[in-house]
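Geometric and topological summary
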Amino acid sequence: CQGPGGCRGGRKDMALRCAAWLAAGRQPRCPRLPPPAREGTVRRSSAAKASAVKITEKASREKILTLESMNPQVKAVEYAVRGPIVLKAGEIEKELRKGIKKPFTEVIKANIGDAHAMGQRPITFLRQVVALCTYPNLLDSPSFPEDAKKRARRILQGCGGNSLGSYSASQGINCIREDVASYIERRDGGVPADPDNIYLTTGASDGIATILKILVSGGGRSRTGVMIPIPQYPLYSAAISELDAIQVNYYLDEENCWALDVNELRRSLNEAKAYCNPKVLCIINPGNPTGQVQNRKCIEDVIHFAWEEKLFLLADEVYQDNVYSEGCQFHSFKKILYEMGPEYYNNVELASFHSTSKGYMGECGYRGGYMEVINLHPEIKGQLVKLLSVRLCPPVSGQAAMDIVVNPPIPGEESYSQFIKEKESVLNNLAKKAKLTEDMFNKVPGIHCNPLQGAMYAFPRIFIPSKAIEEAKAHKMAPDMFYCMKLLEETGICVVPGSGFGQREGSYHFRMTILPPVEKLKILLEKVKDFHIKFLEKYA
């Protein structure tokens, strides 16, 4: 239209609308054009169609955010636990639901330590307290025990408006931080813990990422180096990539049950000094994915090394309740540090982490956790609280769940007998499955599995023939990724290749959780055995 209200009179919105109608084969509803015919379709000339397409093309523009323009640090992040093989498992599940035939009837996701997804029952007392906090009207119900009600009332009194739906302080609800400090003192035989050094977090992962964020600085050769164990939990490499810090690998000794050797720490540190400023040392104890439990002497050596080299210690202790092997015992870094004397205890900077997600609780979805940070510079403490305040607060329901982990029923209370029965049942079952997994893997030619001393995973070493390695290269895959993909496609079992956790050159592994029920775990292990034997025969 030529008029002041028409398409060519400056009304671009009308022009675009007309173009869209024309492209769709519809008559433009414009008062300056004749009314549409009552019957039949609109006939358009090729020139009109071309004009409509040109206008539509002009209307679209290039995306602002592309792979080329996005944050390169985010693009560098990899997280194998939920990586390509897990995406493939999801695709296979969809195909099974559509009725597409496979050599199996279900996908068994043994890739992640998600206890409840694998069938573990929740701890009754923990769920009771969280339910009471979530819906306080239940406090009048006779169906809930008084010790659960007592804890719920205390938590709610610490919440704004006595509601779990209110924000908490950025550091967490004060009474829960007091309970965490009391728990640490009990666990460590009376070693003092200050609630002001406790920070409630969104799972342990949030605390680890936050501490790393505040530690990383510098550029070039002065850029912060973060020492991590290999194999490692991919959270660490992902966080380091996101922060554009420098990953400094130290290798655990597979031939010695994944032990940590201070000589290896020293080798790693000295080599790293040539290209970065190593100032953080990460320890995972009990180990993930390797399952080792560090003895007291090893922890003392690590603390002395950190003190000597002026390293900030991060102690990932989320599996502290998961210790199975005879002769193994969990020792917290905080306790050993204190017992080594004031020269160490008053100087070594240490952040320790715990979570509701592992242990006997398995409450991954609540995202509850805490970190205790000691010997932090007072001014840095203020900076840490400021950083935490940006995310306002961790989930308050997760804080409540964390409170029950550190403040469970005690002897003499109404819920104690049921609580201890459920807790011991979970841990005894895990110990049984740890031994079963180790024994069955070690009966398979070409598979070797170290003792599963703790945590909830097996990390067996697998032999992959050279023909399979060549085929993996042809598919542009790491050999253990190729192996795990074949395992998934032929058996429905989803595990994570060792290359996602790091491993020595020329060695191959996969990580598998031991969380499935015993009978399903036996079936899983038998399937892995049969697959591995066929795999060796095919590629021998």
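Keep in mind it's a predicted model, so treat the numbers as computed, not measured.

Here we take up unusual backbone geometry. The peptide bond linking Ile-230 to Pro-231 adopts the cis configuration, its omega dihedral lying at 5 degrees. Positionally, Pro-231 belongs in the loop between strand E3 (224–230) and helix H9 (234–242). The step from Asn-285 to Pro-286 runs through a cis peptide bond, and the omega angle for that step is -10 degrees. Here the phi dihedral of Trp-258 falls at roughly 60 degrees; this positive angle occurs in a residue that is not glycine. Checked against the element boundaries, Trp-258 lands in the loop between strand E4 (246–251) and helix H10 (262–272).

A few words now on the environment of Tyr-344. Its location among the elements puts Tyr-344 in helix H13 (residues 342–345). Given a relative accessible area of 13%, Tyr-344 falls into the buried group. In this structure the C-alpha to C-alpha distance between Tyr-344 and Ala-306, which are 38 residues apart in sequence, comes to 9.6 Å. Ignoring sequence-local partners within four residues, the contact set of Tyr-344 consists of Ile-303, His-304, Trp-307, Leu-337 and Asn-375.

Moving on, we come to the sheet that holds strand E10 (residues 457–458). Spatially, three strands are ordered E10-E14-E13 in an open sheet, and the strand pairing comes out antiparallel. Strand pairing shows two members of the sheet lacking a second neighbour, E10 and strand E13 (496–497), which therefore form its edges. Bridge analysis of E13 against strand E14 (residues 510–513) gives two bridges, and the strand direction is antiparallel. Each residue of the ladder has a partner; that of Val-496, found in E14, is Arg-511.

It is worth spelling out the packing of helix H5 (residues 124–134) against helix H15 (residues 396–406) at this point. Running from N to C, H5 and H15 point in directions that differ by 140 degrees, and their axes come no closer than 9 Å. Viewed along their axes, H5 and H15 adopt a mutual orientation that is oblique. Remark: the crossing between H5 and H15 carries right-handed chirality. Across the interface between the two elements, Phe-125, Leu-126, Val-129 and Val-130 of H5 pack against Ala-401, Ile-404 and Val-405 of H15. Of the residues contributing to the contact of H5 with H15, the split by class is seven nonpolar, no polar and no charged.

In the predicted model, the protein carries a mean pLDDT of 89, and the fraction of residues at 70 or more is 88%. Counted against residues more than four places away or in other chains, residues 37–42, with its pLDDT under 50, gives three contacts.

Parameters at a glance
- Residues numbered from 1 in each chain as written.
- Predicted model: local features only at pLDDT ≥ 70, side-chain atom pairs only at ≥ 80, totals over all residues.
- Heavy atoms only, no water.
- Helix = DSSP H or I, 4+ residues; strand = E, 2+ residues; numbered from the N terminus.
- Buried < 20%, exposed > 50% of the residue type's maximum accessible area, 1.4 Å probe, protein only.
- Contact = heavy atoms within 4.5 Å.
- Pairing = 2+ DSSP bridges.
- Axes fitted to C-alpha atoms, helices over the stretch in contact; angles between N-to-C directions.
- Parallel < 35°, antiparallel > 145°, perpendicular 65-115°, else oblique.
- Left-handed = near helix turned anticlockwise from the far one by under 90°.
- Nonpolar A, V, L, I, M, F, W, Y, C, P; charged D, E, K, R; others polar.
- pLDDT = per-residue confidence, 0-100.

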